Amino acid sequence: MDNMKITKVGSRGTLFTFDDLGIPTNVYVINGTHHIFIIDTYLGPTVMNQINQYIEEKLPKKPWIIINSHSHWDHVWGNSLYSSSLIIAHEKCKELMQKEGLRDLERFKEYQKGEVVLTYPNLTFTDKIAFEEDQILIYHTPGHTEDEISVLDLKDKVLFVGDNLERPIPFIMARDLKQYIDTLEDYLKVDAEIIIGGHTDMENKGLIEDNLRYLEKVITEDYLGYEVGEYKEYHQTNMKWLEENK
Ligand SMILES: [Zn+2]
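Predicted model only: the values in this text are computed from it and were never measured.

S.K.: If you had to explain the coordination of the zinc ion to someone new, which residues and values would you point to?
M.R.: Taken together, Asp74 (OD), His75 (NE2), Asp163 (OD) and His199 (NE2) make up the full set of protein donors to the zinc ion, lying 2.1 to 2.5 Å away. Seen from the zinc ion, its four donor atoms lie at angles of 83 to 174 degrees, and the figure they make is irregular. Expressed as a motif, the donor residue spacing for the zinc ion is D-H-x87-D-x35-H. Here Asp163 lies in the loop between strand E11 (158-160) and helix H4 (177-189) and His75 lies in helix H2 (residues 73-76), a separation of 88 residues in the sequence. In terms of burial, His75 and Asp163 fall into one category: buried.

In structure tokens, the structure reads:
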């Protein structure tokens, strides 16, 4: 398992981090009261089987619930392993997968781990789903994409935010920047101490503030400071996307 970094988080979280895409990519597992929650399924069945094996060996036997943070291929390709479990996502996530999933599978197939069989979420929602006894809240947080959802572990105060939070600046793939800003401002009010993104480390609210500052600059078209250094490449990618998706 040398391609997989395992980090214990709080009293009941385990963060699995992979590096096949040139950036770290996370799968987050929460050992809840009644369920094991598996957030995101990365690039396919062979890598997810390593996580399954870990769960089977180290965690108590409980039903598994899968959550897709959003529809992008690097977060959903392992879904086929879990078709007999609940796979929860926003309703727009399923729609986007149905619309763009096969195209993305064709386009990025060199990255698949094992044979990817596109598998859609089988329980979708629009606003939120609470697993009260597990102290887990899953809720809609549009930002990076329209379908993005977040998972709050109320017991450990850990918030998983999918790709809404990035290092060093956000990766814009939705036009509604006001909505993205609202989501990030809302994160600042959440009672959470550890924030984890789809491609970040274990973070604190400082990174949310940094991401917020950037989006506010983009809205006012004042890019001072972001056209250089570590920001340059990411900023240019965002500008290109916004230009092409006016
Ligand atoms: Zn991603």
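Now that the structure is up, let's keep going.
S.K.: Mind laying out helix H5 (residues 205-219), listing which residues take part and the relevant values?
M.R.: Over its 15 residues, H5 runs 21 Å from end to end, which matches the ideal 21 Å to within 8%, given 1.5 Å per residue. Where H5 is buried, its residues touch H4, strand E12 (194-196), strand E13 (202-203) and helix H6 (232-244). Backbone nitrogen of Gly206 and a side-chain oxygen of the N-cap are separated by 2.8 Å at the start of H5; the cap is Asn204. Glu221, located one to two residues past H5, shows a positive phi value of around 55 degrees.

S.K.: Describe in detail the pattern of salt bridges, supporting the description with residues and values.
M.R.: One pass over the structure, following the stated rule, counts 12 salt bridges. Asp104 is the salt-bridge partner of Arg103, the closest N and O atoms lying 3.1 Å from each other. Classification of Asp104 by relative accessible area gives buried; the value is 9%. One salt bridge in this structure joins Glu244 and Lys240, with 3.7 Å as the shortest N-O distance. Of this pair, Glu244 and Lys240 both sit in helix H6, four residues apart, which is roughly one turn of the helix. Taken individually, Glu244 and Lys240 each receive the classification exposed, so the pair is uniform in this respect.

S.K.: Could you give an account of the sheet that holds strand E10 (residues 149-153), naming the residues involved and the relevant values?
M.R.: Pairing is mixed across the open sheet formed by six strands, whose spatial order is E8-E9-E10-E11-E12-E13. Two strands close off the open sheet at either side, each with one partner strand: strand E8 (128-131) and E13.

S.K.: Please give an account of the packing of aromatic side chains that cites residues and values.
M.R.: Following the criterion strictly, the structure yields 10 aromatic pairs and no others. Ring geometry for Phe18 against Tyr42: centres 4.6 Å apart, planes inclined by 15 degrees, an arrangement best described as stacked. With Phe18 in strand E2 (residues 13-18) and Tyr42 in the loop between strand E4 (36-39) and helix H1 (45-58), the pair connects residues that are 24 residues apart, well separated along the chain. Look at Phe18 and you get buried, because its relative accessible area is 1%. For Tyr42, a relative accessible area of 1% puts it in the buried group. A centroid spacing of 4.3 Å and a plane angle of 10 degrees characterise the contact between Trp73 and Phe108, whose relative ring orientation is stacked.

So, how was this worked out
- Residues numbered from 1 in each chain as written.
- Predicted model: local features only at pLDDT ≥ 70, side-chain atom pairs only at ≥ 80, totals over all residues.
- Heavy atoms only, no water.
- Donors = N, O, S within 2.8 Å, 3.2 Å for Na, K, Ca; no water.
- Tetrahedral: all angles 85-135°; square planar, octahedral: opposite > 155°, others 65-115°.
- Helix = DSSP H or I, 4+ residues; strand = E, 2+ residues; numbered from the N terminus.
- Buried < 20%, exposed > 50% of the residue type's maximum accessible area, 1.4 Å probe, protein only.
- Expected span 1.5 Å × (residues − 1).
- Contact = heavy atoms within 4.5 Å.
- Polar contact = N/O pair within 3.5 Å; in protein donor to acceptor, adjacent residues only side chain to side chain.
- Salt bridge = Lys/Arg side-chain N within 4 Å of Asp/Glu carboxyl O.
- Pairing = 2+ DSSP bridges.
- Phe/Tyr/Trp six-rings, centres within 6.5 Å; stacked < 30°, edge-to-face > 60°.

No statement about biological role is implied by the geometric values presented.
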